[in-house]
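Below are the chains, spelled out letter by letter.
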Amino acid sequence: MEKITLNLHGSFIEENELKRIKPEIMAAQKSLLNRKGVSSEMTGWLDYMYRIEKKEYEEIKTAAKYIKENSEAFILLGIGGSYLGAKAAIEAVRGDFHNELLSPQVYYAGLNLSGAYLKKLIRLVKEKEISIIVISKSGTTLETALSFRIFRELMEEKYGEESKNRIFVVTDKNKGALKSMSELKGYKTFVVPDDIGGRYSVITPVGLLPMAAAGLDIDKFMEGLKSGAEEYSDRNFESNACLLYAAARNILNRRNKEIEIFVNYEPSCTSIAEWWKQLYGESEGKEGKGIFPASLNFTTDLHSMGQFVQEGRKILFETTLSIENSQDDMEVPFDSNDFDRLNYISGKTFNYINSKAFEGTFMAHKDGNVPGIIITVPKMDEFYLAKLFYFFMMSCGISGYTIKVDPFTQPGVEAYKKNMFRLLGNKEKI
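In short, a report on the structure. Position numbers for residues count from 1 along each chain, tracking the sequence in the order it is written. Reporting in this predicted model follows two pLDDT cut-offs: at least 70 for local features of residues, and 80 or more for side-chain atom pairs to be given and counted; totals over whole chains, interfaces and linings ignore these cut-offs and use all residues. Side-chain metrics rest on all non-hydrogen atoms present in the structure, leaving aside hydrogens and water.

For patch detection, residues must exceed 30% relative accessible area and be free of salt bridges, and they are connected within 9 Å for like charges or within 5 Å for nonpolar side chains (Val, Leu, Ile, Met, Phe, Trp, Tyr). Here the accessible surface of atoms and residues is derived via Shrake-Rupley with a 1.4 Å probe, and residues count as covered only by protein chains that are part of the display. Here a salt bridge means any side-chain nitrogen of Lys or Arg lying within 4 Å of a carboxyl oxygen belonging to Asp or Glu. The sign given to each residue is positive for Lys and Arg and negative for Asp and Glu; His and the chain ends receive no count. Charge positions are represented by NZ for Lys, CZ for Arg, CG for Asp and CD for Glu. There is a patch of like negative charges on the surface, built from Asp-96, Asp-328, Asp-329 and Glu-331. Helical segments are the DSSP runs of H or I of at least four residues, strand segments are the runs of E of at least two, and each set is numbered from the N terminus. With respect to the secondary-structure elements, Asp-96 resides in the loop between α4 (84-94) and α5 (98-101). Partly exposed describes any residue whose relative accessible area lies between the buried limit of under 20% and the exposed limit of over 50%, with all areas from a 1.4 Å probe on protein chains only and scaled to the type maximum. For Asp-96, a relative accessible area of 34% puts it in the partly exposed group.

As structure tokens, this is what we get:
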């Protein structure tokens, strides 16, 4: 298998800077792998793929098979880490327009408080054969819980007693509102492990069940995780891309680069960036520290944000996700009239042209003194996607320890909730 590679040639980072930061990065990696750092009890993701119970893994496959065979569509209810990883994986592997081309169709709810969104989604799916996957450790997360009320009512009206066979729950093993409801209603449940936080949970049933239900090969996904665990646990700083990425981000941040823009050139990878933003935003953004994670979709956003990136304030750097091989492509046809004067690229493929757009943009931004990092994935399948997830999770944990914050908590998230519940009149939540 080929490796995911890291290219720092456009980052303006010098060899001596890497040497200076190496002891900090290596100490952070040691704390993470030896589980001696802060909140080490939340690092179960490091080896979960080796520890998952065989019985539960087979039950995930059985549930996914039922959903695929009995559903035209399934709805994933969750917010944050409860849906972002699965959505990223499904879109990246199934590709653009997958709901129009493949079955079952996949829809998402419980990720906002928009009544208009829910009403339109219900109108879209109510005549289809539906299954539901609801993911929440507590079962009381407002967005997800309210959406589940709506869809539970829909399912019971549509299927009656059989609705319990079409509702699948991923929640706490022993406690919580959703666990209690599942036992009462007879829903099939899967476990959110206690030692893995939401933004790291894509490798658990949180991600595995929706992925499998959407037709992804979770055996290949698990192999990718194991490959990532082996490769990125290596203590050789110079050859470990995961360590070098953590080092590069911290070096650039110390140069007052406050924003990291995650760039992709494939629309199907847009949700990978959304997952990545939560991972780094919640893990590093505390105690007045951290790099602000943003994302842009090129070449589309070059026509709106390219000007700022090129000539705006020098507070950002780019990390570009490059997919080396794509299965689908088209060739530019020859036009005898050549009205658009583009015959000079007729016969070339769109992927080739896209690669030149990437190279040209990277060169321009480098000339504009915008540091650039390139992460190249051989191809976007279940194996390499899992490895990419693990790459970022490992690097994020190391980076958090390097800047001396707890990368496995998110205390600031509770602040808005207290105000919201107070305004809604629920004093119990304050």
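Once that is clear, we can look at the nonpolar core. By nonpolar core we mean a set of buried residues, namely Ala, Val, Leu, Ile, Met, Phe, Trp, Tyr and Cys, connected to one another through side-chain atoms within 4.5 Å. Of all hydrophobic cores here, the largest spans 97 residues; its most connected members are Trp-45, Ile-133, Ile-272, Trp-275, Tyr-390, Phe-392 and Met-394. By residue number, the principal contributor to this core is helix α15 (residues 382-402), which donates 14 residues. Excluding residues within four positions of it along the chain, Met-394 makes contact with Leu-32, Leu-33, Trp-45, Leu-46, Tyr-232, Ser-233 and Cys-242. Judged by nonpolar contacts, the second largest core, of 20 residues, contains Tyr-107, Leu-121, Ile-130 and Val-169. Any two residues whose heavy atoms approach within 4.5 Å are treated as being in contact.

Once that is clear, we can look at the packing of helix α9 (residues 205-213) against helix α10 (residues 218-232). Axis definition: a line fitted to C-alpha atoms, over the contacting stretch in the case of helices. Angles run 0 to 180 degrees between N-to-C directions. Where α9 meets α10, the closest approach of the two axes is 10 Å, and the angle between their N-to-C directions is 140 degrees. Residues Leu-208, Met-211 and Ala-212 of α9 form the contact with α10, whose participating residues are Ile-218, Phe-221 and Met-222. Class assignment of the residues belonging to the contact of α9 with α10 gives a composition of 6 nonpolar, no polar and no charged. All residues other than Ala, Val, Leu, Ile, Met, Phe, Trp, Tyr, Cys, Pro, Asp, Glu, Lys and Arg, Gly among them, are scored as polar; the first ten of these are nonpolar and the last four charged.

Pro-104 follows Ser-103 through a cis peptide bond whose omega is -5 degrees. Mapping Pro-104 onto the fold places it in the loop between α5 and β3 (105-109). With an omega of 10 degrees, the peptide bond between Phe-298 and Thr-299 qualifies as cis. With a phi close to 55 degrees, Arg-35 is a non-glycine residue in the positive phi region. Along the chain, Arg-35 turns up in the loop between α1 (15-33) and α2 (48-51).

Along the chain, Leu-6 falls in strand β1 (residues 5-7). Along the sequence, Leu-6 and Tyr-245 sit 239 residues apart, while their C-alpha atoms lie 7.4 Å from each other. Residues contacting Leu-6, with those up to four places away along its chain left out, are Ala-241, Leu-244, Tyr-245, Ile-373, Ile-374 and Ile-375.

Over its 21 residues, α15 extends 30 Å from the first C-alpha to the last, a length consistent with the 30 Å expected when each residue adds 1.5 Å. Counting buried positions along α15 gives 21 out of 21 residues, so the element sits mostly inside the fold. For the purposes of these results, a polar contact is taken to be a pair of N or O atoms within 3.5 Å, where, inside protein, one atom must be able to donate a hydrogen and its partner to accept one; residues adjacent in sequence count only when each atom of the pair is a side-chain atom. One side-chain oxygen at the N-terminal end of α15 lies 3.2 Å from the backbone nitrogen of Phe-383; it belongs to Asp-381. Immediately beyond the C-terminal end of α15, within one or two residues, lies Lys-404, with a positive phi of roughly 65 degrees. Residue count minus one, scaled by 1.5 Å, sets the expected span of a helix.

Along its 15 residues, α10 runs 21 Å from first to last C-alpha, staying within 8% of the 21 Å computed at 1.5 Å per residue. The complete set of buried residues in α10 reads Ile-218, Phe-221, Met-222, Gly-224, Leu-225, Ser-227, Gly-228, Ala-229, Glu-231 and Tyr-232. At its buried positions, α10 is contacted by α1, α2, α3 (54-70), α9, α11 (241-254) and α15. For α10, the N-terminal capping position is held by Asp-217, with its side-chain oxygen 3.0 Å away from the main-chain nitrogen of Asp-219.

The subject of this paragraph is the pairing of strand β9 (residues 316-325). Side-chain direction in a regular strand flips from residue to residue, so the side chains alternate between the two faces of the sheet. Most of β9 is tucked away, with 7 of its 10 residues classed as buried. As paired elements, strand β7 (residues 259-264) and β9 share 6 bridges and run parallel to each other. Within the sheet, the bridge partner assigned to Glu-260 lies in β9 and is Phe-317. When the strands point away from the viewer, a crossover counts as right-handed if the route from the first strand across the helix to the second turns clockwise. The β-α-β motif built from β9, the intervening helix α14 (residues 350-367) and the parallel element strand β10 (residues 372-379) has right-handed crossover chirality. Two strands pair under a simple rule: DSSP has to find at least two bridges between them.

These figures come from the coordinates and say nothing about function on their own.
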